Amino acid sequence: MKPTAEQLLAARDTTIPEVVAPGLRVLFCGINPGLWSGATGHHFARPGNRFWPALHRSGFTPRQLRPDEQRELLALGLGITNVAPRATAKADELTADELREGGAALTERVLRLRPRVLAVLGIGAYRTAFGRRTAAIGRQPEGIGSTEVWVLPNPSGLNAHYTLDGLAAEFRRLREAVEQPAAEE
């Protein structure tokens, strides 16, 4: 479904349901929903967002899922949430306070749901939300309880720093780490 201009405008500041369950292998965490996601109720819904292609190319999914198939992730041990819940046209419309509040709420969610890995999709949002000014892409030295934290590049089509192949390579590094037996860590 392609939202109309009116539907996109009406989606501003809305929220969409998370795709979560206890004990996931990986809980992917976007910065916040975009207007397409707000209008459709599906994460990473805007055409040009590279989350779904990167997820498939990295080997997390057996085929490229559509945003409206997001609940199929749960059977694969995967889920989706956001740092900040409200939909905006661009992530830079969020305030630093919103990101910090979102980071605190996300920490509580992770402690409750206990995924093996939290994968935050966006280095700038992670740095602000968690007060880690020098964080880099990849596995973070600090976890949340027993959950490892990884930071992956933002899959938005607006992120020109990474090609789809580059995004898929970072997602693949995470998948390969998650597939290692726990005893090897």
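Computed from a predicted model, the values in this text were never measured in an experiment. Residue positions are counted from 1 within each chain, in the order its sequence is given. For a predicted model such as this one, the threshold for reporting local features is a pLDDT of at least 70, and the threshold for listing and counting side-chain atom pairs is 80 or more; totals across whole chains, interfaces and linings nevertheless cover every residue. Side-chain descriptors were evaluated using all non-hydrogen atoms of the structure, hydrogens and water having been removed beforehand.

Draft legend 1. Spotlight on the environment of Leu-94. Numbering of helices and strands runs from the N terminus; a helix is a DSSP stretch of H or I covering at least four residues, while a strand is a stretch of E covering at least two. Mapped onto the secondary structure, Leu-94 falls in the loop between strand 2 (78-82) and helix 4 (96-113). For every residue, the accessible area (1.4 Å probe, protein chains only) is compared with the maximum for its type, and the residue is labelled buried under 20%, exposed over 50%, or partly exposed between those bounds. On the basis of relative accessibility, which here comes to 8%, the residue Leu-94 falls in the buried class. Separated by 83 residues in the primary sequence, Leu-94 and Ala-177 have C-alpha atoms spaced 31 Å apart. Once residues within four sequence positions are removed from consideration, Leu-94 is found in contact with Ile-31, Asn-32, Ala-84, Arg-86, Thr-88 and Leu-99. Contacts are assigned to residue pairs that have any heavy atoms within 4.5 Å of one another.

Draft legend 2. Fine view of the layout of surface pockets. Only protein atoms enter the 1 Å grid used here, on which a cavity is any set of points holding a 1.4 Å probe that cannot leave and a pocket is any open set flanked by protein within 12 Å on both sides along at least five of seven lines; residues with an atom within 4 Å of a point are listed as lining. Grid points are joined across faces, edges and corners, and a volume is the space filled by probe spheres set on the points. Quantified by volume, the largest pocket comes out at close to 680 Å³. For the largest pocket, the lining is made up of 32 residues, of which Gly-34, Asn-49, Ala-89, Ser-156 and Leu-158 are closest to its centre. At the level of elements, helix 2 (35-40) and strand 2 are the ones that each hand at least two residues to the lining of the largest pocket. Classifying every residue of the lining of the largest pocket by side-chain character gives 15 nonpolar, 14 polar and three charged. When residues are grouped by polarity, Ala, Val, Leu, Ile, Met, Phe, Trp, Tyr, Cys and Pro land in nonpolar, Asp, Glu, Lys and Arg in charged, and all others, Gly among them, in polar.

Draft legend 3. Quick peek at the packing of aromatic side chains. Pairing of aromatic rings covers Phe, Tyr and the six-membered ring of Trp, with a centre-to-centre limit of 6.5 Å; geometry is then stacked below 30 degrees between planes, edge-to-face above 60, and tilted otherwise. Under the counting rule described, the total for this entry stands at seven aromatic pairs. Each ring, one from Phe-28 and one from Phe-60, has its centre 5.4 Å from the other, and the planes form 90°; the classification is edge-to-face. Placement of Phe-28 in strand 1 (residues 26-30) and of Phe-60 in the loop between helix 3 (51-57) and strand 2 is noted, with a sequence separation of 32 residues between them. The buried category is assigned to Phe-28, whose relative accessible area is 0%. Phe-60 sits in the buried class, given a relative accessible area of 4%. Taken together, a centroid distance of 5.0 Å and an interplanar angle of 85° make the contact between Phe-51 and Trp-52 edge-to-face. Judged by its relative accessible area of 0%, Phe-51 is buried. The buried category is assigned to Trp-52, whose relative accessible area is 4%. Aromatic ring contacts, followed pair by pair, group Phe-28, Phe-44, Phe-51, Trp-52, Phe-60 and Phe-171 into a single cluster.

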